Every structure is written in structure tokens, then in C-alpha cells.
Amino acid sequence: MKPIDYVIIALLTIGLVGVVVYLIRQKKKGKSGCGCGCSGCPHADVCGSAKNTQEEEE
Amino acid sequence: MLKFALAGNPNSGKTTLFNALTGSTAHVGNWPGVTVDKREGTYKKGEQPVDIVDLPGIYSLSPYTPEEVIARNFILDERPDCVINIVDATNLERNLYLTTQLMELDVPMVVALNMTDVLEKRGDRIDVKALEKRIGLPVVEISALKGANVDTLMERALKALQNPRQGVSVLKESALGSAISNAEIALKLKEVGAPLFHAVKLVEKDSIEVQTHPAEARAAEAFLRENLINDEFNGDTEAAIADARYKYITAHFSTTLTRARKPSYDELSKSDKADKVLTHKWAGIPIFLVIMFAIFHLTFSENFLYLGSILPAFGEWCGTEGGLAKGIFFTDGLNSPGVILFNALDLLTSSIGEGLAVGLDGLGANPILSGLVVDGIWGGVAAVLSFLPQILVLFLFFSILEDTGYMARVAFMLDRIFRRFGVSGRAFMPMIMGFGCSVPAMINTRTMADERERQATVRVIPFFSCGAKLPILLAISGGIVQAFGVGNADVITYSMYVLGIVVALISLLVMRNTTQRGEASPFIMELPTYHMPGFKNLMLHLWDKAKHFLTKAFTIILVSCVVIWFLSNFQWNWQHVGYIEIAGEEFAHTDKSILASIGQLIQPIFTPLGFGSQLNTNGWVFAVAAVLGLIAKEDVIAAFGALAACLAPMAFTGTSEDGIQEVVVMIQATGITVPALISFIAFNMLTIPCFAAVAAARGEIGKEKFKWTLLFWIFVSYLVSTIVYTVGAYTWTVAIWIAVAILTTVGIVCYNKYMDKKEGKSNLLNAQK
């Protein structure tokens, strides 16, 4: 393995971990991975709040 | 924090004002029902921050629709510090009807007179000071669209807080005035909040109110029986109150409006004249289909306005001396704006891919790692990314149609057709939203009154091809044109959209006559006047779409590409698949990979659909792509992108990173046919949608019925794709499918007759009881 290979592996690992952390955070915020995006959706607040209410009830 | 509520009629500009006050980019729709639930934001320009709540558009505070219940409950239970009532100045009388109801609440209130600029253009004028005096509330002229006077509005609202306000009613002088006063006294004794509002509702025999205060309701009814003389409404107090309100508005408030000339009912406005053609009984729908085709042609055609034969000299020049123009502006003919942008982006992504490959090679990177970065990650992401310009162009046109007010007309026109399929035109609105994304579309069905109609609508929403499915449609249709030289990309894409709509309508018809039986609920909607779309609003729609497409490409799609690359480059024993040398170049031996073995295992399932066992050794890629599409629809093309480099030796070897070229590689490497490719698009369009849409459907339909919904999606997609493939590959099978359709229709008719009889009997028994 050459030094450039270690650099590529490190960059890929950082990138992938970053993406996974971002996706988990979005999921926790009630924002799903749909193509439309929450802020553009007329029910942006409803999705998250509805989920939170359900969780509270449980 | 202070809390202000925005209340007003649908289409009066509430969400536009909400955006202007809070700096939000909430979706502004040109039809009622866009705001189904309340939405919150913060106004930060004043001395203290104010929480702004955008309530759904309502015509009254009576509990006829879920929106009205939401708005009413919020104002009564959450007690906002101030209500900002938005009144559309161009429809003063009808908008003030709600104002007269809001006035009955004990809450500070300000009237925001919106769209006065439009009124002035007509030459009409409202005497704001006189109106303010007569209503007894602050009235502020604003233009929500231009953001004019919104700060003054907030100042007046903050000032209104300083004086606690008691509700007043315009009905006190009416024939029902004493009944209302009596009920109000009774409610005051019970220390009910907003007693005047509740008193009016009690006299109106409002269902919620009668249930909450039964004793007072009985007393009010008895009082009316004894004291109401000359009852021209035969005891219908609700109608009497509505009539009294309108009479008061006409006599006291409408006089503040000075018209440049008296309205003539025979004279048609520009909007009316346009509607004579665009919503014509027979021509309306064909015009809509032509407009839609024109949009698809402008976005996807490689022979714009069919000028290919007229401009061969330009094509020749592009091909030889055109420089950058080569391949961008001319394909079979002049390219449409969407294709020009697509080609330009493709040039950029291909250059980046080549640069990455050369750079990593120059640095002496390990070929496996280089393959992961260039072919696995960049190949997959770029394949999806290449369709961004066309998606944006398509949604720009859709937004223009929506903002001008045309889409609301389409809902109105389709009501007549939809009704025959057992649903009202109201169902069309979430379906139109489904073209953007199924998730908000499914939530939008909450405003539909009939539960069975709603469930049926939720089930067919994924058939309206969303933005995420567009890359599949574009890549495969482009691939068909390039590899087989048949058809046009715009015609194939348009036909697939129409196929989705037709399948949705047939499914609705079947459901509404079997599992979801019921009559279509009535559909009343106000048609907005045609107007030029707001540039800012259009750009906000596009920015939102682009932002989320890019986010998704560099998150979910990127991770998927890494996983796909790993599974297609390694064996079950964790060893790399190794390389095969073809024409002096080395390629990964994907056939030995984990992904290939999984794909080969599931491949037979898709044989009736044309992309199963009948394909050659690499045919498993279509089975894998179809399954990956369940995570995110873009993954289908991302998978092709990531796998193209491995399958390239079996096909065309190009340097382009665009999704169409990747599909061409797949076609040549697998030997798939045109009918099978069309069937593949149909399957991906109609099958179980992405994870997010599945979760939304589960939330809207409920756990119990959701499993049937999943089965419904699998069944419909499998059946339609099989029909598409068999009819395309073996024309004689049309006879079999026609026979199946006739038998199914007969079965449904018999079932319906049996159910009608059964329901008739049980109704009779209930009546006898």
C-alpha cells in the first residue's frame, strides 16, 4: 500500500462516517430521506410533530 | 413568546404573508388545501420576536372540513395573543364573512387587507379608514407578495394587544339577536371563554357546540321555538345566521368599496375568457394533455419542435466544427432546453470523472481503490446527478402551471372524470403533488372527508411518477432511443407518465367498487383568477428541489454506491473478484461477486416481466436494480452507474458518466429487449415506493390496512409490467388480457349487485328496527 492509498481510505472513511451521522441526525429530527425535502413540503412541521406526539403517547 | 395566528380564506395569501413575515420558504399553492395543518415560524424584525402560526385556509369557523376544525380549535384552545385576519380585497364581501365570525371571539384582532394593488389596477378603491371605523378593528393595507406594509401590520397588531378585546357580533340586531344574547348570558354564568362566539354557534345548532353544551342548546332551541316569528328559513338557524351576516356585510362594509364601473354579469373577465377555452367541456382535457406533452417535449426532446430535418447544416457544423456545441446543442435535431442543460452537465461530470481517473492513476493509487472512487462512487453519483437539469426544467413548468392557476382548473375539469371512478376532483390535488413527492401528497389527503376515498387515493399516489423516479424514466427511455434507434425520449417519458395516471384511475375504479366502496364526496372549490407566476416563488420551488436532489445524491446515493461497489467487487470469502483482460484493458470480474450471486437468485422472479432469466449472464443487474429502487428510486440508475464500468467490456466502452450511456451499457451487456425495458420502467414506477413514502402511507392508512397496501403495490406493478412485456413481446397475448379484463369486470359488476342487495336489506332491517 502506498501513502496515497492511506489518504484515499482516510478521506473515504471520514466522508462515509460524516454522511451516515448526517443521515441519522436527519432521521432523529423526523426528516426522512425522501427526494422532496422537508422545507419545501407544505406539511414540513406536521411530519416531525406528528411523530413526536406519537412517541410521547407511547 | 407572543403568538399571532394568521387566519383567512383559502387563496387569500396567508402562506405568502407567512413567508414574508418569517422569511420561510413554505410551499405556496394556488389551490385550497395546500396548508392542511398549522405551520409555525418566527417574526424577528420587531422589538420582540413573535411566533407566527399559519392556519389552513377556511371559509367559516363551522366544523365542515378538517381545516376548519384545526383553525377553530387553535384559536379557541391555544388562545393566540392576536389574530391577523387576511382579507382578499378583490373578494371583499365573501372574505369578510369569516371576519364577522372571528370578531365574535374575545381576542385582539387586526385585518390585513391583501391584494389592494390588484384592486387598484382594476380602478376600484376601498376606503380603508371608513372600513376600519365600521368593523371596529385596525385595518392595514398590505401586499403579501411584494412584502409591502407587513411591518406596519405587525406594529398595529402589537399595539392591538395593549387593549383587551371583547367579542362583538353583527347579528345582535338580527331576528336571532335576542336568542344569541340569552345563550351568551347562560354561557357567561358557566364561565365559558368567548361566550359570544359559543352562543352564536349554539343558536346555529353547530354539532360540536350542541355536544359540548347540551343544556344551553336545548334552552336556545326552546327560546327560538317560542320567539322566532316570520321564520323564512323553516328553523334552519344556520342559514338564517349566514343570511344575516351577508346582509350586514352588504349594508355596512361593502359600501366602503368604490368600483370604477358597475360589474356587469354579462361581461367576461380575461380569466373567464381564457376559461371558456381552457376548461371547455370537450376541449379542456385534450388541451391539458397537449400542454403536458409540450412540457415534456421542451424538457426531454432531442429533436426540438421537430426541426431536425430543417436544420441539418447546423447539426453538421455542431458535429465537425462546433467545439463545445458538439453534442450539446444537436443530437437528432436541435436539442430542447432540458437536453441542452443535461448535455452540458454531462460534459462537466465526465470531465471530472476522467480527471479523477487520470489523477489517481498518476499518483499511483491502488487500482481497487481507484475503481471504488472513479467507477463506484463518482460513476453512480454522476449517473443520477446528470438528470438534475431536466428535473429542474420539468418542475419549473409544473410550478408555472400551478402558480398561474391552471392546475386548479385541471382539478375542476377532472372532477367530472374522477367522479365516474368513484373519487372527487379533490383527490387530484394530492395526486398532482405526487408528481413532486409522494410523502406530502399522502399527507395532503387528510383534507378528504371520506375515509375510504382517502385510503384509495393514498394507495394510487405512488403511481404518479415522482421526481425521484424521473432518472429511471429518462435514463431508460434515452437508452432505448440510443441503443435501438426507436422512438423519442420525450414520447416514451410522456407515455409512461400517462400509463401511471391510467393505472391509478383503473385501480381507483376497482377499489371503489370492491374493497373501498362508496360514493364520491362533493367537491367545491374556488378557482383563482389567472395571473403571472411570481418569479421568487418559482425560484424557491426550484432551489428547494435542487438542494434536496443534491443532498440526496451526496448522502443516500453515495452510501448506496459504496455498498453496491463493494458487493459487486468482492466475493463471499471477502476476496476481490479479480480482473479479466479484454482488448488490453483490465475489468473487475463482477460475475463472481456477492451482488451477482444475490441477483442471480432473485432474477427468476422477474422472468414474466421480461428482465429475469431470459437475459444473458449479466441479466441479474436489472433484478438487483429493481430491488435497490425500494431504498431510493435513484438507486436504480446509481446501480447502473456503479456497475457500468465492470460490464463495459461486454458492451460499448464510452467515457460519458451520464445515466443514459450507463443504460446503453446495460442493454448491450444483458441483451434486454425494448418491451422488457418498458416493463422495467413500469415496475419501478408502480411498485412499492421509497422508504419515506412507505412510512408516510403507513401513518396515513394505519397499521392494519397497510399490509394490504403493500400487497396492492406489488400486485399492481407485477401485473401491469407483465402485461406491458407480454403484449410488447408477443402481440397475440392481447387477446388473453382482454379476456381477463372482461371476466374481472363481470366479476366486479356481480359483486357490486350482490353488495347493493345486501346493504339494501340491512338498511331495511335497520329502518324496521
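Residues numbered from 1 in each chain as written. Chains lettered and ligands numbered in written order. Predicted model: local features only at pLDDT ≥ 70, side-chain atom pairs only at ≥ 80, totals over all residues. Heavy atoms only, no water.

**Thoughts on the overall build of chain B**
The number of helices and strands found in chain B is 32 helices and 10 strands. Over its C-alpha trace chain B gives a radius of gyration of 31 Å, about what one expects of a compact globule, namely 27 Å for 769 residues. Taken over 769 residues, chain B has a buried fraction of 56%. When contacts within chain B are restricted to residue pairs at least 6 apart in sequence, long-range pairs at least 24 apart make up 72% of them. For chain B, the accessible area works out to roughly 33400 Å², and carbon and sulfur atoms hold 62% of it. The average position of the 63 basic charges and that of the 71 acidic charges among the side chains of chain B differ by 8 Å. (Helix = DSSP H or I, 4+ residues; strand = E, 2+ residues; numbered from the N terminus. Rg over C-alpha atoms; globule rule 2.2 N^0.38 Å. Buried < 20%, exposed > 50% of the residue type's maximum accessible area, 1.4 Å probe, protein only. Contact = heavy atoms within 4.5 Å. Areas by Shrake-Rupley, 256 points an atom, 1.4 Å probe, with all protein chains shown as cover. Lys, Arg positive; Asp, Glu negative; His and termini not counted. Charge placed at Lys NZ, Arg CZ, Asp CG, Glu CD.)

**What about the overall build of chain A?**
Secondary structure summary: chain A contains 2 helices and 0 strands in total. When each of the 58 residues of chain A is scored for burial, the buried share is 31%. Carbon and sulfur atoms make up 62% of the accessible area of chain A, which totals about 3800 Å².

**Comments concerning the pairing of strand 5 (residues 109–114) of chain B**
Residues and elements named next belong to chain B. Taken across its 6 residues, strand 5 has 6 buried, putting it largely inside the fold. Of the two faces of strand 5, the one carrying Met109, Val111 and Leu113 and the one carrying Val110, Ala112 and Asn114 are both buried. Bridge count for strand 4 (residues 82–88) against strand 5 is 6 bridges, and the pairing is parallel. Paired with Asn85 across the bridge in strand 5 is Val111. The handedness of the strand 4 to strand 5 crossover, carried by helix 3 (residues 92–102), is right-handed. (Pairing = 2+ DSSP bridges. Right-handed = clockwise from strand over helix to strand, strands pointing away.)

**Describing the pairing of strand 4 of chain B**
Residue and element names in this part refer to chain B. Extensive coverage of strand 4 is indicated by the burial of 7 of its 7 residues. Alternating residues of strand 4 divide into Cys82, Ile84, Ile86 and Asp88 and Val83, Asn85 and Val87, and every residue in both groups is buried. Relative to strand 4, strand 1 (residues 2–8) runs parallel, the two being bridged by 5 bridges. Looking at strand 4, one finds that Ala5 is bridged to Val83.

**A few points about the sheet that holds strand 5 of chain B**
Residues and elements named next belong to chain B. If you walk across this open sheet you meet the 6 strands as 2-3-1-4-5-7, and the pairing is mixed. Looking at strand neighbours, the two that pair on one side only are strand 2 (39–43) and strand 7 (139–142), the edges of this open sheet. Adjacent strand axes in the sheet meet at a mean angle of 25° when their direction is disregarded. Note that strand 5 and strand 7 share 4 bridges and pair parallel. Residue Asn114 lies in a different strand from strand 7, and its bridge partner there is Ile142. In this fold helix 3 packs onto strand 1, strand 4 and strand 5, with an angle of close to 165° to the strand it touches most, strand 4. (Axes fitted to C-alpha atoms, helices over the stretch in contact; angles between N-to-C directions.)

**Notes on the packing of helix 22 (residues 470–484) of chain B against helix 29 (residues 674–686) of chain B**
Residues and elements named next belong to chain B. As a packed pair, helix 22 and helix 29 sit with axes 10 Å apart at the nearest point and diverge in direction by 175°. Judged on the interaxial angle alone, helix 29 and helix 22 are roughly antiparallel. Each of Ile472, Leu473, Ile476, Ser477, Ile480 and Phe484 in helix 22 lies in contact with helix 29, whose residues at this interface are Val674, Leu677, Ile678, Phe680, Ile681, Asn684 and Met685. A class-by-class count of the residues in the contact of helix 22 with helix 29 yields 11 nonpolar, 2 polar and no charged. (Parallel < 35°, antiparallel > 145°, perpendicular 65-115°, else oblique. Nonpolar A, V, L, I, M, F, W, Y, C, P; charged D, E, K, R; others polar.)

**Examining the confidence of the model for chain B**
Scored by pLDDT, chain B has a mean of 85; 92% of the residues are at 70 or more. The ipTM, which scores confidence in the relative placement of chains, is 0.74 for this predicted complex, and the corresponding pTM is 0.77. (pLDDT = per-residue confidence, 0-100.)

**Quick word on the packing of aromatic side chains**
Where two aromatic rings form a pair, the distance of their centres and the angle of their planes describe that pair. All names here are of chain B. Scanning all chains against the criterion turns up 25 aromatic pairs over all chains. Among the aromatic residues, those joined into a ring-pair cluster are Phe293, Phe296, Phe300, Phe395, Phe398, Phe435, Phe464, Tyr494 and Tyr497. The residue whose ring lies beneath Arg245 is Tyr97, and the NZ or CZ to ring-centre distance is 6.0 Å. Sitting over the face of the ring of Tyr530, Arg409 holds its NZ or CZ atom 3.9 Å from the ring centroid. (Phe/Tyr/Trp six-rings, centres within 6.5 Å; stacked < 30°, edge-to-face > 60°. Lys NZ or Arg CZ within 6 Å of the ring centre and 35° of its normal.)

**As for the environment of Ser438(B)**
Residue and element names in this part refer to chain B. Inspection of the secondary structure puts Ser438 in helix 20 (residues 438–444). Separated by 271 residues in the primary sequence, Ser438 and Gly167 have C-alpha atoms spaced 43 Å apart. With residues near it in sequence (within four places) discarded, Ser438 still touches Ile461, Pro462, Cys466 and Ala693.

**Let's talk about the side chain of Ser62(B)**
Residue and element names in this part refer to chain B. By secondary structure assignment, the location of Ser62 is in the loop between strand 3 (50–54) and helix 2 (66–78). Relative accessible area serves as the criterion here: at 6%, Ser62 is assigned to the buried category. A polar contact is formed between the side chain of Ser62 and the side chain of Lys201, at a distance of 3.3 Å. With residues near it in sequence (within four places) discarded, Ser62 still touches Glu68, Arg72, Gln101, Lys201, Glu204, Asp206 and Glu238. (Polar contact = N/O pair within 3.5 Å; in protein donor to acceptor, adjacent residues only side chain to side chain.)

**Overview of the confidence of the model for chain A**
This prediction gives chain A a mean pLDDT of 67; 50% of its residues lie at or above 70. In the model, residues 35–58 of chain A has pLDDT below 50 throughout and makes 39 contacts with residues more than four positions away in sequence or in other chains.

**Details of the nonpolar core**
Counting residues in each nonpolar core, the largest one holds 143 residues, and the members touching the most others are Phe611(B), Phe622(B), Ile637(B) and Phe640(B). Excluding residues that lie within four positions of it along the chain, Phe611(B) makes contacts with Gln603(B), Phe606(B), Gly619(B), Phe622(B), Ala626(B), Ile672(B), Ala676(B), Ser679(B), Phe680(B) and Phe683(B). (Core = buried A, V, L, I, M, F, W, Y, C linked by side-chain atoms within 4.5 Å.)

**What to know about a nonpolar patch on the surface**
Judged by side-chain polarity, Val498(B), Val502(B), Ile506(B) and Val510(B) come together as a nonpolar surface patch covering roughly 270 Å² of accessible area. Tracing the backbone through its elements, the reader meets Val498(B) in helix 23 (residues 489–513). (Patch = residues over 30% accessible without salt bridge, like charges linked within 9 Å, V, L, I, M, F, W, Y side chains within 5 Å. Salt bridge = Lys/Arg side-chain N within 4 Å of Asp/Glu carboxyl O.)

**Considering the packing of helix 25 (residues 594–602) of chain B against helix 26 (residues 620–628) of chain B**
Residues and elements named next belong to chain B. Two elements in contact, helix 25 and helix 26, have axes separated by 8 Å at closest approach and are oriented at 90°. Here helix 26 runs roughly perpendicular to helix 25, going by the angle between their axes. Across from Leu595, Ala596, Gly599, Gln600 and Ile602 in helix 25, the residues of helix 26 making contact are Trp620, Ala623, Val624 and Val627.

**Considerations on the environment of Tyr248(B)**
All names here are of chain B. Inspection of the secondary structure assignment puts Tyr248 in helix 11 (residues 237–253). With 148 residues separating them in the primary sequence, Tyr248 and Thr100 have C-alpha atoms 9.4 Å apart. With near-sequence residues (within four places) excluded, Tyr248 lies in contact with Val170 and Phe253.

**Brief notes about unusual backbone geometry**
Residues and elements named next belong to chain B. Of note, Ala194 is a non-glycine position whose phi angle comes to about 50°, a positive value. Its location among the elements puts Ala194 in the loop between helix 7 (177–189) and helix 8 (195–203). You can call Ala194 buried: its relative accessible area is 11%. Of note in this structure, Lys205 is not a glycine but carries a positive phi near 60°. Here Lys205 is to be found in the loop between helix 8 and helix 9 (207–212). Taking the relative accessible area as the measure of exposure, Lys205 reaches 40% and is therefore partly exposed.

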